[in-house]
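# Working through the structure, step by step
This is what each chain is made of:
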Amino acid sequence: MKETVIKTDKLTKRFGDFIATNEISFEVYKGEIFGFLGANGAGKTTAMRMLCGLSTPSSGKAEIAGFDVYKQTEQIKKNIGYMSQKFSLYEDLTVLENIRFFGGIYGLTDLQLKTKSEELITQLGLASEAKKLVASLPLGWKQKLSFSVAILHEPKIVFLDEPTGGVDPITRRQFWDMIYEASNRGITIFVTTHYMDEAEYCNRVSIMVDGKIEALDTPHRLKEQFKSDSMDDVFYQLARKATRSDN
Amino acid sequence: MIFREEGSKENEEPCHEKKAQASKYDFMNVSINKTGPAVICDSLTKVYGKEKTLAVDKVSFTVNPGELFGLIGPDGAGKTSIFRMLTTLLLPDGGSAKVDGLDVVKDYKAIRNTVGYMPGKFSLYQDLSIEENLNFFATVFNTTVEENYHLIKDIYVQIEPFKKRRAGKLSGGMKQKLALCCALIHKPTVLFLDEPTTGVDPVSRKEFWEMLKRLKAQNITIVVSTPYMDEATLCDRIALIQNGKILSIDTPDQIVKDYPSDLFAVKSEHIYQLKNDLAAFPVALSSYSFGEYLHVSAAREGQPEKTSRMIQVYLSEKGHKDIVIKEIEPTIEDCFIRFLAGDETEIVKS
């Protein structure tokens, strides 16, 4: 039996008359890499905010790591990690300070923090940069560091919101190697991306259109279903039907 | 590579004079400068901070009038610094650059009158409506929305229903379209677009490039930057850029043709094991994930079928099932990866 770590049932968010997220139902399993795709304005961010316990749904149900999105938002926050390209680390703190700060917030003890920081800095090969401001690191390193920080407390699920936007092609691939490692350790990865080749790296992918999940399956079966040879084309077939858009 | 240094030198002085005179009474009249390159960078350099970080390292390129020229590279490659120097918002620390034959340092005022610039960060007035922003920019450039409406019509009709809405309240896609309208409203000779499609979904990105094609048909020179390698093929010529240095400048086709190795797309039942096995395979110069396949490069010896068979045999011995091997043409991303990795192909064997 696969262990379910995210389960939503007709999860909905309304803003006045506007239904940003419209009755989405899906499950994500432990250790899975789940790609959450959709055009700008399809309702991805709203959905993610509800899943992270940052926004109360209008209706429907959802459990994240076994906790209820209405009542147990604090427990949810303790059991997840989050990173995005926009907000990840404090630029005015050093690499070490960032690790200590986020570790502290997630309740790691001083001893844990010490071992974890050393471990992480060695792994990432950042020994000579440990005392430098994060602002001075190249984007690719920042993103790798920020991912490591997001899973510092060994969360059940990590939410990645366009983690590789603007990153060079080699670093982008190294970043995905880190995702695979985390997933092998049993951390569930919930990721959004605009790179369709990255959709292929996911175990399963959902595609949102106008607030609804219009497709959900493995990349392989989605391509079969839409009779196309690339995820790019699958996405295009679905997203161009959108009546509502960010544009 | 195209560095038309000599040709440009012949042209630069006369154009410069004419341009300076023209701009005194009619800075819109730019047709006089159709002979020379639209943009010339010559060893353009920018250094930042106490640590003297080289953000732009002796960058040289030329953009021809009417060309759609792409600066392709990841964040931090130096694209924005180049744009800011070319639009006279940042002083170079070395080298020189000309736009429409005008020097970016000496003639900065004239350049500001003739170029259009859409920065990567939304920079219009959030408290003004769509309409007010557009009128404001038209007025600043001493023109009217009506005068150049034909240039923006295509794009403007899409946001017109919301013209009373404040810019700060617009969605990302609408902001992008408004910004493009504002950058076009004075009929610029050269349009600089800094990462207009970053963070934009694939469908909207396609639409945006359609708009650029139509603008190009109106004879506007466009210099555009993007971190998305797949957009490179939509440009006439591209410069691949990383760490402030240009790796290659050419047409996308030529860059692909110059790829020095044979390239194969390979997959099997167990993609993770495949990754490790190929990394240990001496025939593979590099191997890395590419969508559902791994891309594997091997020395070009005129017999790709033979290489393909070698890969097949090796993987069968390693116990792989459902092996698919196809010889493929490289994409710009493959070329970029090769330039980044250089001879140290090990980097790419992850």
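Residues numbered from 1 in each chain as written. Chains lettered and ligands numbered in written order. Predicted model: local features only at pLDDT ≥ 70, side-chain atom pairs only at ≥ 80, totals over all residues. Heavy atoms only, no water.

## Quick notes on the domain arrangement of chain B
All names here are of chain B. This is how the line gets drawn: Note that domain bounds follow an automatic or database assignment of domains. A contact between two residues is defined here by any heavy atoms of the two lying within 4.5 Å. As used here, buried area is the combined drop in accessible area, with a 1.4 Å probe, of two parts when they are placed together. By definition, a salt bridge exists where a carboxyl oxygen of Asp or Glu is found within 4 Å of a side-chain nitrogen of Lys or Arg. We define a polar contact as two N or O atoms separated by no more than 3.5 Å, with the added condition that, inside protein, one atom must be a possible hydrogen donor and the other a possible acceptor, whereas residues neighbouring each other in sequence contribute only through side-chain atom pairs.
Looking at the assigned domains, one finds that chain B contains domain 1 (5-255) and domain 2 (259-348). Listed by partner, the interface residues are 14 residues for domain 1 and seven residues for domain 2. For the pair domain 1 and domain 2, the two sides together bury roughly 830 Å², of which 84% comes from carbon and sulfur. On the surface where domain 1 and domain 2 come into contact, there are zero salt bridges. Counting every contact that joins domain 1 to domain 2 gives one residue pair in polar contact (both at pLDDT 80 or more).

## A look at the sheet that holds strand β5 (residues 67-68) of chain A
Residues and elements named next belong to chain A. Heads up, the rule is: Any two strands with at least two DSSP-identified bridges between them are counted as paired. Elements are defined by DSSP. Helices are runs of H or I of four residues or more, strands are runs of E of two residues or more, and each kind is numbered from the N terminus. Angular values range over 0 to 180 degrees, each being the angle between N-to-C directions of two axes fitted as lines to C-alpha atoms, with helices fitted over their stretch in contact.
The four strands lie next to each other as β2-β1-β4-β5, forming an open sheet whose pairing is antiparallel. At either margin of the open sheet sits one strand with a lone partner, and together these are β2 (18-29) and β5. Across the face of the sheet, helix α1 (residues 44-51) comes into contact with β1 (4-15), β2 and β4 (59-64) while running at roughly 125 degrees to β1.

## As for the sheet that holds strand β10 (residues 212-217) of chain A
All names here are of chain A. In spatial order, the strands read β6-β7-β8-β3-β9-β10; together these six strands make up an open sheet with mixed pairing. Two strands in the sheet have a free side with no partner beyond their single neighbour: β6 (80-84) and β10. For this sheet, the mean angle separating the axes of adjacent strands, direction not counted, is 15 degrees. Inspection of the sheet shows strand β9 (residues 204-209) paired to β10 by five bridges, in the antiparallel sense. When the bridges of β10 are listed, Ile207 appears paired with Ala215. Contacting β3 (33-38), β6, β7 (157-161), β8 (188-192) and β9, α1 crosses the sheet at an angle of about 140 degrees to β3. Along the sheet, helix α9 (residues 231-239) makes contact with β3, β9 and β10, crossing β9 at roughly 25 degrees.

## Here's the deal with helix α9 (residues 271-279) of chain B
As a reminder of what qualifies: Throughout, exposure labels follow a simple rule: accessible area from a 1.4 Å probe, protein chains only, divided by the maximum for the residue type, with under 20% read as buried, over 50% as exposed, and the rest as partly exposed.
Looking at α9 of chain B, one finds that the buried residues are Leu274, Lys275, Asp277 and Leu278 of chain B. In this structure, the buried residues of α9 of chain B make contact with α6 (169-184) of chain A together with β11 (262-267), β12 (284-290), β13 (293-298) and α10 (304-317) of chain B.

## Considerations on the side chain of Glu198 of chain A
Residues and elements named next belong to chain A. In this fold, Glu198 is placed in helix α7 (residues 196-199). On the basis of relative accessible area, Glu198 is assigned to the buried category, the value being 1%. Those residues in contact with Glu198 that sit more than four places away from it in its chain are Thr164, Arg172, Trp176 and Thr193.

## Overview of helix α6 (residues 172-184) of chain B
All names here are of chain B. How we decide: Here the expected length of a helix is defined as 1.5 Å per residue gap, with one fewer gap than residues.
The terminal C-alpha atoms of α6, which comprises 13 residues, lie 19 Å apart, in line with the 18 Å expected from a rise of 1.5 Å per residue. For α6, a buried count of 12 out of 13 residues is recorded, marking the element as mostly surrounded by other parts of the structure. Those residues of α6 that sit buried are Gly173, Met174, Lys175, Gln176, Lys177, Leu178, Ala179, Leu180, Cys181, Cys182, Ala183 and Leu184. Tucked into the core, α6 has its buried residues touching β6 (115-118), α4 (130-140), α5 (149-159), β7 (190-193) and α7 (202-217).

## A word on the interface of chain B and chain A
Counting residues at the interface gives 33 residues for chain B, matched by 33 residues for chain A. Together chain B and chain A conceal approximately 2700 Å² of surface at their shared face, both sides included; 54% is due to carbon and sulfur atoms. Where chain B meets chain A, there are four salt bridges. The salt bridge partner of Lys223 of chain A is Glu292 of chain B, with a shortest N-O separation of 2.6 Å. Counting residues per element, the ones that place at least two in the side of chain B that touches chain A are α6, α7, α9, β12 and α11 (332-341) of chain B.

## Description of the packing of aromatic side chains
All names here are of chain A. The criterion, for reference: To pair, rings of Phe, Tyr and Trp, with the six-membered ring standing in for Trp, must have centres within 6.5 Å; the planes then decide the type, stacked if under 30 degrees apart, edge-to-face if over 60, and tilted in the middle. In this scheme, Lys NZ or Arg CZ marks a charge over a ring once it lies within 6 Å of the ring centre and within 35 degrees of the ring normal.
Inspection of every chain in the model, using the stated rule, returns 21 aromatic pairs over all chains. Ring centres of Phe26 and Phe36 lie 6.1 Å apart, and the angle between their planes is 35 degrees; this geometry places the pair in the tilted category. Within this pair, whereas Phe26 is found in strand β2, its partner Phe36 is found in strand β3, the two being separated by 10 residues in sequence. The two residues Phe26 and Phe36 agree in class, both being buried. Taken together, a centroid distance of 4.8 Å and an interplanar angle of 40 degrees make the contact between Phe36 and Phe190 tilted. Of the two residues, Phe36 is situated in strand β3 and Phe190 in strand β8; the sequence distance between them amounts to 154 residues. Phe36 sits in the buried class, given a relative accessible area of 0%. What makes Phe190 buried here is its relative accessible area of 0%. Linked through ring pairs, Phe26, Phe34, Phe36, Phe159 and Phe190 together constitute an aromatic cluster. Taking the ring centre of Tyr195 as reference, the NZ or CZ of Arg172 above it sits at 3.9 Å.

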